[in-house]
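Architecture and fold: a report
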Amino acid sequence: MKLEEALEKYFGFKKFLPGQAEVIQAVLTRPHVLGVLPTGGGKSLCFQLPGLLLPGLTLVISPLVALMKDQVDGLHARSLYQATYLNSQLPWREYRERLRRLKEGAYKLVYLAPERLRSRAFLEAIRHRPVSLVAVGEAHCVSQWGHDFRPDYLWISRFCRWLPGRPKLLALTATATPAVQEDILAKLEMENPYRVVASSNRPNLFFSVQPVSREGDKLAALQKMLAGERGCGIIYTGTRRDCEFLAKWLRRELRLPVLHYHAGMSPQERTAAQERFAAGEVPLIVATNAFGMGINKEDIRFVIHYTLPGSLEAYYQEVGRAGRDGRPAWSLLLYAPRDRGLQEFLIRQETVTENDARRLSAYIENRRQGDRAILKLEDMAGLDLEETKLRFLLSEMEQRGLIRSVERTPEAIGVLITGTFRREHWQAIARQSQRLAEEKRKKLAVMVDYAAKRQCRRETILRYFGEEKPGPAGPCCDVCQGI
DNA sequence: CGGGGTAGCTATACAGCTACCCCGGTGCCGTATT
């Protein structure tokens, strides 16, 4: 069957979008494929179609449980019932039933979060199913989150090695600088990959930066920008408190209907806000960086940053949510130089020290019974380690062969102690954390440069993404327009 | 690092200032059956 026939048979489309056919052809014929395709370029199809055509199972690694459900619902709507997902949102019985059906070979496509790859029950179920393809969606998460926040992203490669047959690997993302691309390839252990890298340029987006010195100036600038704007938009803030404050202010002072969204809200509140925004019921949402992944809203006309983000790629990802319909859309960064302090704080906060590593080692030794230890999350609160730090430390210890995480419950982590904790390990872990912090500081400096210098914004962004600025095609940015 | 809130002082204004404290982003994750 030709690819176009399969496309029409399964999805009802007559033609591929640019880049799709190339990626799919590569996935079918080569072991490792990296696809950097712009937002709205139909990335899902790049693993869904091969998933249906390849003989074995396709595992789709997805960062958010909400995304899995949407995608699988979409496939079911096309009568593609060989697709499912596994995550902690499922009722126990349903989860067990799906594992059983997985073992029986009922599925072709299974969506999961990287953390699932460490579940014993899952590993047991998958062990005897031939896996043809492991597709990593939103693959920039490997680089962005894998090093510390969600270390299980770094275990995808080990999982692939553990599988009896070596599966194909496909990594897909909309935004990845050359450095991030290399990081993804290295962490997923993808060798001699076939690359499909489309331009990151979004001609219909207008970029602007407004320097402000005081908080009050931000509000004045916002008021000015929002006056007369009738389209949908997102305003990103750096903190939850600002998010709530700003939403209230917009409601009260500007009498605008506004939603807000951050990770401190209940799951129900978050879903409700997201759905109301997506449905166009309320045109404006104020959010932290928790908001946006998997938002398919086409008609977002503007994205405003109330606070400086931590990196240019994070910024461009957020801005890139505007104008998916191809019609003109604008972005504005309100730049107060002191906002850099927040990002610096966040970097410092998650950097672990030798002493942090020593304290955790001591705790594990303390809990040791034979070669095992049960680490209680409640006790570990007394160690004065941030949750992110703790995860990072455990992951680093595991990578150094000191422990193996064998079992997890919401209250505890069971570990097998496989090495001897020594000072050199603590030092090495602290050094690794320092290196990561340095990387983040460099990225922050690039972001600050973008905001502070009067250089063509589009050119600055595209150069960072390893591209030349294309010729003029409509309004570009505040600098080019002389604003 | 910086913003915002508050206590406490001054000393006669019902406000203004300083010193001090606290706070600050992102998300997955188990079980048992056979």
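The subject of this paragraph is the sheet that holds strand 17 (residues 412-417). In spatial order, the strands read 14-15-17-16; together these four strands make up an open sheet with antiparallel pairing. In this open sheet, the two strands that pair with only one neighbour each are strand 14 (368-369) and strand 16 (403-408). In this sheet, strand 15 (residues 372-376) lies alongside strand 14 in antiparallel orientation, the contact comprising two bridges. From the neighbouring strand, Arg-368 faces strand 15, where its bridge partner is Ala-373.

Near DNA strand B there are 39 residues, and of these Ser-88, Ala-121, Thr-288, Arg-338 and Arg-391 occur at the shortest range. Considering the 4 Å shell around the protein, atoms of DNA strand B inside it are sugar or phosphate in 53% of instances. At 3.0 Å, a backbone N or O of Ala-263 approaches a phosphate oxygen of DNA strand B. A distance of 2.6 Å separates a phosphate oxygen of DNA strand B from a polar atom in the side chain of Arg-338. Of all the elements in the fold, those that place two or more residues in the surface near DNA strand B are helix 5 (92-104), helix 14 (340-349), helix 17 (387-399) and strand 16. Of the residues forming the surface near DNA strand B, the biggest block, six residues, is contributed by helix 14. Tallied by class, the residues present in the surface near DNA strand B amount to 13 nonpolar, twelve polar and 14 charged.

With that settled, the discussion passes to the pattern of salt bridges. Tallied over the entire structure, the rule returns 37 salt bridges. The salt bridge involving Asp-325 is made with Arg-301; its shortest N-O contact spans 2.9 Å. Of this pair, Asp-325 sits in the loop between helix 13 (312-319) and strand 13 (329-335) while Arg-301 sits in strand 12 (residues 300-305), and the two are 24 residues apart along the sequence. Its relative accessible area of 11% is what places Arg-301 among the buried residues. Of the charged contacts in the structure, one is a salt bridge between Arg-454 and Asp-478, with a shortest N-O distance of 3.8 Å. Of this pair, Arg-454 sits in the loop between helix 18 (423-452) and helix 19 (457-464) while Asp-478 sits in the segment after helix 19; the two residues are 24 residues apart in sequence, bridging distant segments of the chain. Each member of the salt-bridge network shares a partner with another, and the members are Glu-97, Arg-100 and Glu-104.

Within a pair of aromatic rings, the relevant descriptors are the distance that separates the centres and the angle that separates the planes. One pass over the structure, following the stated rule, counts eleven aromatic pairs. Pairing Phe-207 with Tyr-316 gives two aromatic rings, centres 6.2 Å apart and planes at 35°, and the pair type is tilted. Here Phe-207 is found in strand 8 (residues 205-211), whereas its partner Tyr-316 is found in helix 13, with 109 residues between them in sequence. Relative to Trp-330, the ring of Phe-302 has its centre 4.7 Å away and its plane inclined at 10°; by these criteria the two rings are stacked. Here the residue Phe-302 occupies a position in strand 12, and Trp-330 occupies one in strand 13, the gap between them amounting to 28 residues. Accessibility expressed as a relative area gives 1% for Phe-302, which makes it buried. For Trp-330, a relative accessible area of 16% translates into the label buried. One aromatic cluster is present, built from ring pairs that chain together Phe-207, Tyr-316, Tyr-464 and Phe-465. Over the ring of Trp-155 we find Arg-118, and its NZ or CZ is 4.4 Å from the ring centre. Over the face of the ring belonging to Phe-277 we find Lys-297, whose NZ or CZ atom lies 5.5 Å from the ring centre.

Moving on to the packing of helix 18 against helix 19. At their nearest, the axes of helix 18 and helix 19 sit 10 Å apart, and the two run at 160° to each other. On the basis of their axis angle, the class for helix 18 and helix 19 is roughly antiparallel. The way helix 18 lies across helix 19 gives a crossing that is right-handed. Each of Lys-443, Val-446, Tyr-450 and Ala-451 in helix 18 lies in contact with helix 19, whose residues at this interface are Arg-457, Thr-460, Ile-461 and Tyr-464. Per-class residue counts for the contact of helix 18 with helix 19 are five nonpolar, one polar and two charged.

On to the layout of surface pockets. Here the second largest pocket is characterised by a volume of approximately 1,300 Å³. In terms of lining, the second largest pocket is formed by 46 residues, of which the most central are Gly-40, Lys-43, Ser-44, Gln-71 and Asn-296. Elements represented by at least two residues in the lining of the second largest pocket include exactly helix 3 (45-53), strand 2 (57-61), helix 4 (65-77) and helix 13. For the lining of the second largest pocket, the leading source of residues is helix 4, giving six residues. In terms of residue class, the lining of the second largest pocket is built from 17 nonpolar, 20 polar and nine charged.

In this fold, Thr-418 is placed in the loop between strand 17 and helix 18. Given the relative accessible area of 40%, Thr-418 is considered partly exposed. In this structure the C-alpha to C-alpha distance between Thr-418 and Glu-459, which are 41 residues apart in sequence, comes to 51 Å. Sequence-distant contacts of Thr-418, defined by excluding residues within four places in its chain, comprise Gly-401, Leu-402, Ile-403 and Arg-404. A distance of 2.9 Å separates a polar side-chain atom of Thr-418 from the backbone oxygen of Gly-401.

This part covers the sheet that holds strand 5 (residues 131-136). One open sheet holds the seven strands; their spatial order is 3-4-2-5-6-1-7, and the pairing between them is parallel. At either margin of the open sheet sits one strand with a lone partner, and together these are strand 3 (83-86) and strand 7 (194-197). Taken pair by pair, the neighbouring strands of this sheet meet at an average axis angle of 15°, ignoring direction. Direction of pairing for strand 2 relative to strand 4 (residues 109-112): parallel, over a ladder of four bridges. Looking across to strand 4, one finds that Val-60 is bridged to Tyr-111. Where helix 2 (residues 20-29) meets the sheet, it contacts strand 1 (32-36), strand 5, strand 6 (168-173) and strand 7, and its direction lies at approximately 160° from that of strand 6. Of the strands in this sheet, strand 1, strand 6 and strand 7 are in contact with helix 9 (residues 178-187), which crosses strand 7 at around 150°.

Summed over all chains, the structure comprises zero disulfides. Of all cysteine sulfurs, the one in Cys-232 lies closest to Cys-243, which takes part in no disulfide; the gap is 17 Å. The class of Cys-243 is buried, set by a relative accessible area of 0%.

Thresholds applied
- Residues numbered from 1 in each chain as written.
- Chains lettered and ligands numbered in written order.
- Predicted model: local features only at pLDDT ≥ 70, side-chain atom pairs only at ≥ 80, totals over all residues.
- Heavy atoms only, no water.
- Pairing = 2+ DSSP bridges.
- Helix = DSSP H or I, 4+ residues; strand = E, 2+ residues; numbered from the N terminus.
- Near = heavy atom within 4 Å.
- Polar contact = N/O pair within 3.5 Å; in protein donor to acceptor, adjacent residues only side chain to side chain.
- Nonpolar A, V, L, I, M, F, W, Y, C, P; charged D, E, K, R; others polar.
- Salt bridge = Lys/Arg side-chain N within 4 Å of Asp/Glu carboxyl O.
- Buried < 20%, exposed > 50% of the residue type's maximum accessible area, 1.4 Å probe, protein only.
- Phe/Tyr/Trp six-rings, centres within 6.5 Å; stacked < 30°, edge-to-face > 60°.
- Lys NZ or Arg CZ within 6 Å of the ring centre and 35° of its normal.
- Axes fitted to C-alpha atoms, helices over the stretch in contact; angles between N-to-C directions.
- Parallel < 35°, antiparallel > 145°, perpendicular 65-115°, else oblique.
- Left-handed = near helix turned anticlockwise from the far one by under 90°.
- Contact = heavy atoms within 4.5 Å.
- 1 Å grid on protein atoms, 1.4 Å probe; cavity = no way out; pocket = protein on both sides within 12 Å on 5 of 7 lines; lining within 4 Å.
- Points joined across faces, edges and corners; volume = space filled by probe spheres on them.
- Disulfide = S-S within 2.5 Å.

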